[in-house]
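Descriptive analysis of the structure
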Amino acid sequence: MLSFYEAAAKNLRRSRFLFLILFLLFFALGSAIGNAYGNAGYGVALALILYAILAATAWFSGSSIVLSIHGAREADPAEHRRLLNVVDEMRIASGLPMPRVYLMESGGMNAFAAGRRPREAAVAVTTGLLDGLNREELQGVIAHEMAHIKSRDTLYYICAAVLVGSIALLADMFLRGTFFGGRRRAGGGSGRGSAAFVLLGLLFALLAPLAAKILQMSISRQREYHADAEAAGFTRNPLGLASALEKIALVGSGIPGRNRGTQHLFIVNPVRRFTEASTALFSTHPPTALRIQRLRAMAGKGGFG
Amino acid sequence: MGWIPAIVAVVVVAWFVGTYNSLVRLRNQFRNAWHQIDVQLKRRYDLIPNLVEVVKDYMSYEQETLTKVIEARGAAISARGASEQGKAENLLTESLKSLFAVVERYPELKANQNVASLQEELTGTENKISFARQFYNDSVMTYNNRIQSIPANAIASVFDFSPAEYFEGGEESRTVPKADLR
């Protein structure tokens with residue numbers, strides 16, 4: 001198993017790689033469209049400006065975007081004392097700084113972590129999770145999220161969400177013909193340009209789901225097992241998380257603002273149902289039953305430390 | 001071939017700086033972890049008088065339990081030396097447990113919002129103490145492993161990175177922290 005240090009270094013590398021891919025993609029696109037208009041330079045310049053905006057948004061406010069998509073609000077120190085205490089306990093056990101804590105209004109049970117680096121991390125849980133789990137189970141779930149933060153999975157996940165999101169955005173822009181719209185000549189317009197828009201739009205519309213699939217594959221299910229194992233190391237109590245996962249599977253893991261671009265962030269995939277086709281090649285998470293089984297096995301051996 | 005010694009020298013210096021810095025980082029980590037324990041212990045000392053204040057009016061027949069908690073707190077604060085303090089802290093944990101058991105028997109106490117929130121705070125603090133100790137021991141293990149294995153042990157012995165001591169609790173602090181199941 002990778003140590004936290006190695007895992008974090010790997011996630012940092014992979015995140016940079018994603019930004020590089022995105023850069024190349026925008027570069028190629030910009031020159032292609034620019035060519036259709038007869039000036040590659042303008043196309044490249046505009047594409048790179050768009051890239052810069054996207055990359056900066058992802059880097060500087062990726063977490064807050066994800067939090068707002070799912071309607072998360074900050075936990076109240078008086079009202080959510082138990083949650084805040086449990087997060088504090090787990091940040092002590094993991095040796096991390098205290099993350100910000102958020103709540104999502106939902107009867108479904110789910111949780112996710114976000115943040116570029118541990119210092120500015122955030123943990124969000126649904127109200128359903130908070131109401132349905134006892135303290136030990138909550139500890140297990142929060143420990144799982146702290147493990148993602150510590151190994152910087154959260155950084156890579158945010159970058160991946162932005163990559164998929166921006167491809168979907170591009171597809172949308174081209175199909176509606178708003179991209180480079182300001183440069184269209186009044187009156188006659190450009191037949192060649194419009195044709196290029198439609199073609200590229202179709203290309204991206206085809207590419208978007210494919211990119212989502214590739215993303216899902218790249219997010220190794222191994223990372224979930226890893227976070228489960230590390231969580232058990234933090235709590236010294238694998239059964240807490242096992243029983244939490246059981247309850248989540250039973251109650252359901254629905255969250256506000258379902259979004260395919262962020263599904264890999266959650267402790268249990270909110271889109272896919274795990275009773276069906278759960279070992280499929282393209283799923284972001286391992287089947288919950290298998291995760292529970294592995295946690296139980298750890299408790300049987302009682303060997304960490 | 002004059003550049004070969006130069007390359008070797010650069011590699012050796014880079015290794016030395018990297019290893020030395022990682023040892024310093026690990027040493028700071030376990031020292032900081034020790035302070036984390038103290039922070040939580042202090043927090044527990046601060047919370048106990050509040051709890052006693054709130055429950056004492058209801059518990060006129062349970063003065064003995066309250067006195068025990070107050071005495072155990074005093075003993076823990078004034079304890080000197082790691083082993084003495086460890087024992088005193090365990091006694092305090094025990095006395096708090098029996099206080100909570102008594103609270104369970106008084107319905108109007110259980111319904112009291114102040115008591116409930118103080119109980120949550122104390123449970124949380126108890127857990128934080130054991131997790132802080134656990135993290136301290138984990139940090140000590142990482143540090144000790146590092147300074148005792150080849151090749152870092154060479155640097156460790158020259159620059160006096162001595163092995164750190166584990167926190168040894170009683171049976172109490174070794175078991176999984178069991179919070180109330182609600």
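All values reported here derive from a predicted model rather than from experimental measurement.

Points about the sheet that holds strand β2 (residues 100-104) of chain A
Residue and element names in this part refer to chain A. Here we have four strands laid out as an open sheet, ordered β1-β2-β4-β3, and mixed in their pairing. Bordering the open sheet on either side are β1 (72-74) and β3 (111-114), each of which pairs with just one other strand. For this sheet, the mean inter-axis angle between neighbouring strands, taken without regard to orientation, is 30°. Judged from the five bridges that link them, β2 and strand β4 (residues 122-126) form a sheet pairing that is parallel. Bridge assignment links Arg100 to a residue of β4, and that residue is Ala122. Packed onto the sheet, helix α5 (residues 135-150) meets β3 and β4 and runs at close to 150° relative to β4.

As for the nonpolar core
Counting 83 residues, the largest nonpolar core has A:Leu83, A:Met90, A:Leu129, A:Val141, A:Ile142 and A:Met146 as its most contacted members. Looking at this core element by element, the count peaks at twelve residues for helix α1 (residues 3-55) of chain B. The contact partners of A:Met146, leaving out residues within four places of it in the chain, are A:Met90, A:Arg91, A:Ser94, A:Leu96, A:Pro97, A:Pro99, A:Val123 and A:Phe234. Listed in part, the 29 residues of the second largest apolar core include A:Ala47, A:Ala55, A:Ala160 and A:Ile255.

Describing helix α3 (residues 81-94) of chain A
Residue and element names in this part refer to chain A. Over its 14 residues, α3 runs 20 Å from end to end, which matches the ideal 20 Å to within 8%, given 1.5 Å per residue. With 13 of 14 residues buried, α3 is to be regarded as a mostly interior element. Gly95 lies just past α3 and shows a positive phi near 70°.

Quick notes on the pattern of salt bridges
Per the stated rule, a full pass over the model turns up 18 salt bridges over all chains. Among the ionic pairs, A:Glu120 bridges to A:Arg117, the shortest N-O distance being 3.5 Å. Residue classification places A:Glu120 among the partly exposed positions, given a relative accessible area of 27%. Of the residues examined, A:Arg117 reaches a relative accessible area of 34% and is grouped as partly exposed. Here the salt bridges do not stand alone but share partners, grouping A:Arg81, B:Arg43 and B:Glu121 into one network.

Rules used in this analysis
- All residue numbers here refer to positions counted from 1 along the written sequence of the relevant chain.
- Think of it this way: whatever chain is written first is A, whatever ligand is written first is 1, and the rest follow in order.
- With the structure being a predicted model, the display of local features is reserved for residues of pLDDT at least 70 and the display and counting of side-chain atom pairs for 80 or more, all residues being used for whole-chain, interface and lining totals.
- Only heavy atoms go into the side-chain values, all of them from the structure, while hydrogens and water stay out.
- The pairing criterion for strands is at least two bridges between them, as found by DSSP.
- Think of it this way: any DSSP run of H or I at least four residues long counts as a helix, any run of E at least two long counts as a strand, and we number them from the N terminus.
- An axis is simply a line fitted to the C-alpha atoms; with a helix, the fit covers only the stretch in contact. Between two such axes, the angle follows the N-to-C directions and lies from 0 to 180 degrees.
- We call two residues in contact when some of their heavy atoms are within 4.5 Å.
- We define the nonpolar core as a collection of buried residues of types Ala, Val, Leu, Ile, Met, Phe, Trp, Tyr and Cys that are connected through side-chain atoms lying within 4.5 Å of one another.
- In this scheme, a residue with accessible area under 20% of its type's maximum is buried, one over 50% is exposed, and one in between is partly exposed, where area comes from a 1.4 Å probe on protein chains only.
- By this rule, a helix spans an expected 1.5 Å times one less than how many residues it contains.
- Salt-bridge detection follows one rule: a side-chain nitrogen of Lys or Arg within 4 Å of a carboxyl oxygen of Asp or Glu.

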